[in-house]
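# Summary of the model geometry
For reference, the chains in residue letters:
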Number of protein chains: 2
Amino acid sequence: MIKSLVLSTLAVSLVMGSSLAKQARDAGLIPIPSDKLIMRKLVDNPKNKITNAKIELGKMLFFDPRISKSGLISCNTCHNLGTGGVDGVAAAIGHKWTANPHHLNSPTVYNAVFADAQFWDGRDPDLEKQAQGPILAAPEMAATKEHVVNTITSMPGYVDAFKKAYGDDVKINYENITATIGLFERILVTPSRFDAFLLGNKKAMSKGEEEGLKVFIDKGCTTCHTGIALGGSMQAFAITGQYKYADVGDFKGDKNGLVKVPTLRNINETAPYFHNGAVTTLKEAIVEMGRIQLGLEITDKEAASIETFFQALEGKKPKIVYPQLPNPTASTPKPDVN
Amino acid sequence: MIKSLVLSTLAVSLVMGSSLAKQARDAGLIPIPSDKLIMRKLVDNPKNKITNAKIELGKMLFFDPRISKSGLISCNTCHNLGTGGVDGVAAAIGHKWTANPHHLNSPTVYNAVFADAQFWDGRDPDLEKQAQGPILAAPEMAATKEHVVNTITSMPGYVDAFKKAYGDDVKINYENITATIGLFERILVTPSRFDAFLLGNKKAMSKGEEEGLKVFIDKGCTTCHTGIALGGSMQAFAITGQYKYADVGDFKGDKNGLVKVPTLRNINETAPYFHNGAVTTLKEAIVEMGRIQLGLEITDKEAASIETFFQALEGKKPKIVYPQLPNPTASTPKPDVN
């Protein structure tokens, strides 16, 4: 069903698109559909379908720092929806100002739904499962499942919102709290001028951006940066050995040494780069990727051209009304900053 | 001008109000006007008048963590607009997880415009001046003026927003950055059912809330908790001596030992209580205030009644669309988490 929707979207654009757009699609690049209903189908969870009530609840949970041990860290702290879905620091900072022990950089939550797997080592299959991790991780939100469940169930505002989302019989537990956060994250997709271009609008990108796209394809960047996310699959990555920044952190990828390819959407908003945040400029990131992943030299001029293309990947963010969170009660667990 | 607007609002409500509403007004309690234009007049800064462009810019700055040294702490971190304008912890936590050295609790930013002075020791006259403090304070956002100005001026999105707000000739400096944050904070007012009651809607509060208001007035709470803010003036406060929690923190008030009276608006959202956050329940706060400030005993039943009244002070928050913050550039200062 979803596949056929995507294919029909592609079929339309194939007729309309320029030859460069066709070349891009042949290289595996897929647009975010412009039709809102198709988009929602594409990102939906068949086992827990998106509704407005669930999204509204998931948004509240995403922004609520009280599910962390300290009461100070929310999902939005590291995946800030106002700054490209990231925190802008090299290694994530969590409870008691602890840096990520493996020196891992917070990936953007925008368009994360389009990834094949979640986390840099791809250990979780979807956003619902992913959301279970950082809340409990000691160097991140440092909570326990009990803290999270007790916090949420102590507030009538949350209990009502769960009933509204899942029916009066809902049992509020850690799994459906985190699943609802994941569901909210599914709608965080950002259609861009690049998508409009792939869908047939020949004027959507500037000439410079088109040239950059051509270099991007010709150099072979689409080997890994492909699909809707321009990334999101697990790939061999030269973490050690010839990787110039291999000594930053002890991350080794998954059991096969594979690392998740980050999305390039909104990449000009999500510095610093790579899994360890060791590279601060796009130019350096592009050149380094050519060197260690493609085994070729990308000149400064080519890198600049690719960087120009990346501007077309800056997408329109969903409008988020900042949520008013439910009032605590006497039984709400107290924050613990220690 | 402003005074006459308030008086005319009061004149209308005097005719309509119940005798309890009259009693409340006689005790110095003043409603937030229901008319949006009057409200804006009331909170405006005559020297830097509110416009939509300034408010939009001020909102961006309020939510932008990049003005802090670490890039991780924004005004909204401690004055979270989703949780009553506070952080919920006893003493504010800032840069490198440093607790406020005087063990001071973050006051709510909602309705702060109605206070006579800002900070617990009342050292600043208005929100514009107040906003200059925490950004530079080492245990809070730990920035320098240079960091803030360089950060903002490095992003074309901000420069454009300043021009839109203040004209093409605007010189972006620390003073107008913080003044714009203060201006945004001026509109963070929360009209409540209590205001509707004072303005003549006899059904706006429940019978229990009306009874609580009566106890509140009869006990003399309005001696300090008065005006539009139900607080906000500098008063003698038993920080030392008979104050049960006097050993929490070394805060001594202003040079005359006076302490700012916190607003009671949205008080059921802003635990823990008092300048040092040492009291976690409203009941205990009410009883303790009777004991040390009014020199009388407030029974558990009376405290519960007053607490019921406080529910009517929970106000409607302004709708805030979460801002998309300007993209950084190569010259944007890098975050420093150390």
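Residues numbered from 1 in each chain as written. Chains lettered and ligands numbered in written order. Predicted model: local features only at pLDDT ≥ 70, side-chain atom pairs only at ≥ 80, totals over all residues. Heavy atoms only, no water.

Let's shift gears to the overall build of chain A. Counting its secondary structure elements, chain A contains 14 helices and 4 strands. Each principal axis of the C-alpha distribution contributes one length, and for chain A these read about 60 × 45 × 30 Å. Burial status across chain A gives 58% buried among its 338 residues. Relative to all contacts within chain A whose residues are 6 or more apart in sequence, the contacts with residues 24 or more apart total 73%. Summed over its atoms, the accessible surface of chain A is roughly 14,100 Å², and 57% of this surface lies on carbon and sulfur atoms. Both charge centroids of chain A, one from 38 positive and one from 35 negative side chains, sit 4 Å from each other. (Helix = DSSP H or I, 4+ residues; strand = E, 2+ residues; numbered from the N terminus. Buried < 20%, exposed > 50% of the residue type's maximum accessible area, 1.4 Å probe, protein only. Contact = heavy atoms within 4.5 Å. Areas by Shrake-Rupley, 256 points an atom, 1.4 Å probe, with all protein chains shown as cover. Lys, Arg positive; Asp, Glu negative; His and termini not counted. Charge placed at Lys NZ, Arg CZ, Asp CG, Glu CD.)

Another aspect to go through is the environment of Ala236(B). Residues and elements named next belong to chain B. The topology assignment puts Ala-236 in strand β3 (residues 234-236). Placed 17 residues apart in sequence, Ala-236 and Gly-253 show a C-alpha to C-alpha distance of 8.8 Å. In contact with Ala-236, not counting residues within four places along its chain, are Leu-258 and Gln-293.

As a further point, take the relation of the copies chain A and chain B. It takes a turn of 180° to lay chain A on chain B, together with a shift of 0.0 Å along the axis; the resulting RMSD is 0.0 Å. Those values place the two copies in the arrangement expected of a two-fold rotation axis. When C-alpha positions in chain A are compared against the rotation axis, the closest is assigned to Val321(A), at 2.2 Å. A symmetric contact is evident, with 100% of the interface residues of chain A recurring at the interface of chain B. (Least-squares fit on C-alpha atoms with pLDDT ≥ 70 in both.)

Next up on the list: the environment of Thr51(B). Residues and elements named next belong to chain B. Examined against the element boundaries, Thr-51 turns out to sit in the loop between α3 (36-43) and α4 (52-63). Along the backbone, Thr-51 and Asn-256 are 205 residues apart, and their C-alpha atoms lie at a distance of 38 Å. A polar contact is formed between the side chain of Thr-51 and the backbone nitrogen of Lys-54, at a distance of 3.1 Å. (Polar contact = N/O pair within 3.5 Å; in protein donor to acceptor, adjacent residues only side chain to side chain.)

Relative to the assigned elements, Gln130(A) resides in helix α6 (residues 127-130). Not counting the four nearest positions on each side in its chain, Gln130(A) is found in contact with Gln118(A), Phe119(A), Asp124(A) and Glu185(A).

If you look at the biggest cluster of nonpolar residues, it comprises 105 residues, and the most contacted ones within it are Leu81(A), Phe114(A), Leu81(B) and Phe114(B). Filtering out sequence-adjacent residues up to four positions away, Phe114(A) remains in contact with Ile32(A), Leu42(A), Val43(A), Val189(A), Ile228(A) and Ala229(A). One finds Trp120(B), Tyr245(B), Val259(B) and Ile286(B) within the second-largest nonpolar core, a separate group that totals 41 residues. (Core = buried A, V, L, I, M, F, W, Y, C linked by side-chain atoms within 4.5 Å.)

Taken together, the contact between chain A and chain B spans 38 residues of the former and 38 residues of the latter. Carbon and sulfur atoms supply 62% of the area that chain A and chain B bury against each other, a total of about 3,000 Å² over both sides. Three residues stand out in chain A for area buried against chain B, namely Leu72(A), Trp97(A) and Tyr322(A), and they jointly supply 26% of the buried area on that side. Linking chain A to chain B there are 0 salt bridges. Across the side of chain A that touches chain B, the residue classes tally to 17 nonpolar, 13 polar and 8 charged. (Buried area = accessible area lost by both parts, 1.4 Å probe. Salt bridge = Lys/Arg side-chain N within 4 Å of Asp/Glu carboxyl O. Nonpolar A, V, L, I, M, F, W, Y, C, P; charged D, E, K, R; others polar.)

With that settled, consider the environment of Asp250(B). All names here are of chain B. Inspection of the secondary structure puts Asp-250 in the loop between β3 and β4 (258-260). For the pair Asp-250 and Thr-240, spaced 10 residues apart in sequence, the C-alpha separation works out to 9.7 Å. Sequence-distant contacts of Asp-250, that is, excluding residues within four places in its chain, are made with Pro-101 and His-102. For Asp-250, the side chain forms a polar contact with the side chain of His-102, separated by 2.8 Å.

Glancing now at unusual backbone geometry. All names here are of chain A. Here the amide bond leading from Ala-271 into Pro-272 is cis, since omega sits at -5°, within 30 degrees of zero. Unlike most non-glycine residues, His-103 shows phi in positive territory, near 55°. With respect to the element layout, His-103 can be found in the loop between β2 (98-99) and α6. By relative accessible area, which is 26% here, His-103 ends up partly exposed. Within the chain, Asn-111 stands out as a residue other than glycine whose phi angle is a positive 65°.

The axes of two packed helices give the description: the angle between them and the distance between them. All names here are of chain A. Two elements in contact, helix α4 (residues 52-63) and helix α10 (residues 174-186), have axes separated by 7 Å at closest approach and are oriented at 105°. Relative to α10, the element α4 is oriented roughly perpendicular. Taking contact as the criterion, the partners of Lys-54, Ile-55, Leu-57, Gly-58, Lys-59, Leu-61 and Phe-62 in α4 are, on α10, Ile-177, Thr-180, Ile-181, Leu-183, Phe-184 and Glu-185. Here the residues of the contact of α4 with α10 sort into 8 nonpolar, 2 polar and 3 charged. (Axes fitted to C-alpha atoms, helices over the stretch in contact; angles between N-to-C directions. Parallel < 35°, antiparallel > 145°, perpendicular 65-115°, else oblique.)

Here we come to the pattern of salt bridges. All names here are of chain A. Counting across every chain of the model gives 34 salt bridges over all chains. Asp-26 is the partner of Lys-22 in a salt bridge, and the nearest nitrogen-oxygen pair spans 2.9 Å. Of the two residues, Lys-22 and Asp-26 are both situated in helix α2 (residues 19-26); the distance of 4 residues between them amounts to about one turn of the helix. Note on Lys-22: relative accessible area 43%, which makes it partly exposed. Given a relative accessible area of 55%, Asp-26 falls into the exposed group. A salt bridge links Asp-300 to Lys-283, with the nearest nitrogen and oxygen atoms 3.3 Å apart. On the criterion of sequence distance, the pair formed by Asp-300 in helix α14 (residues 300-311) and Lys-283 in helix α13 (residues 282-294) is long-range, its members being 17 residues apart. Lys-283 gets classed as partly exposed once you look at its relative accessible area, which sits at 37%.

This part is about the confidence of the model for chain A. Residues and elements named next belong to chain A. The pLDDT averaged across chain A works out to 94; a share of 95% of its residues lies at or above 70. Segment residues 11-17 is flagged for pLDDT under 50; beyond a separation of four residues in sequence, or across chains, it makes 10 contacts in the model. Both confidence scores are given for the complex: pTM 0.94, ipTM 0.93. (pLDDT = per-residue confidence, 0-100.)

What follows deals with the side chain of Thr263(A). Residue and element names in this part refer to chain A. Of note, Thr-263 is situated in the loop between β4 (258-260) and α13. On the basis of relative accessible area, Thr-263 is assigned to the buried category, the value being 14%. At a separation of 3.1 Å, a polar atom in the side chain of Thr-263 contacts the main-chain amide nitrogen of Arg-265. Those residues in contact with Thr-263, other than ones at most four positions away along the chain, are Thr-108, Tyr-110, Ala-229, Leu-230 and Gly-231.

Residues and elements named next belong to chain A. Between α4 and helix α9 (residues 156-166), whose axes approach to 8 Å, the crossing angle comes to 145°. In the packing of α4 onto α9, the handedness of the crossing is left-handed. Between α4 and α9, the contacting residues are Ala-53, Lys-54, Leu-57, Met-60 and Leu-61 on the first element and Tyr-158, Ala-161, Phe-162, Lys-164, Ala-165 and Tyr-166 on the second. Considering only residue class, the contact of α4 with α9 consists of 9 nonpolar, no polar and 2 charged. (Left-handed = near helix turned anticlockwise from the far one by under 90°.)

Residue and element names in this part refer to chain B. Among all positions of helix α9 (residues 156-166), only Tyr-158, Ala-161, Phe-162 and Ala-165 are buried. Buried residues of α9, seen end-on, are gathered within an arc of 100° and therefore sit on one face of the element. Check the buried side of α9 and you find it contacts α4, α8 (145-153) and α10 (174-186). Among the residues trailing α9, Gly-167 stands out with phi positive, at a value near 100°. (Arc of directions from axis to C-beta.)

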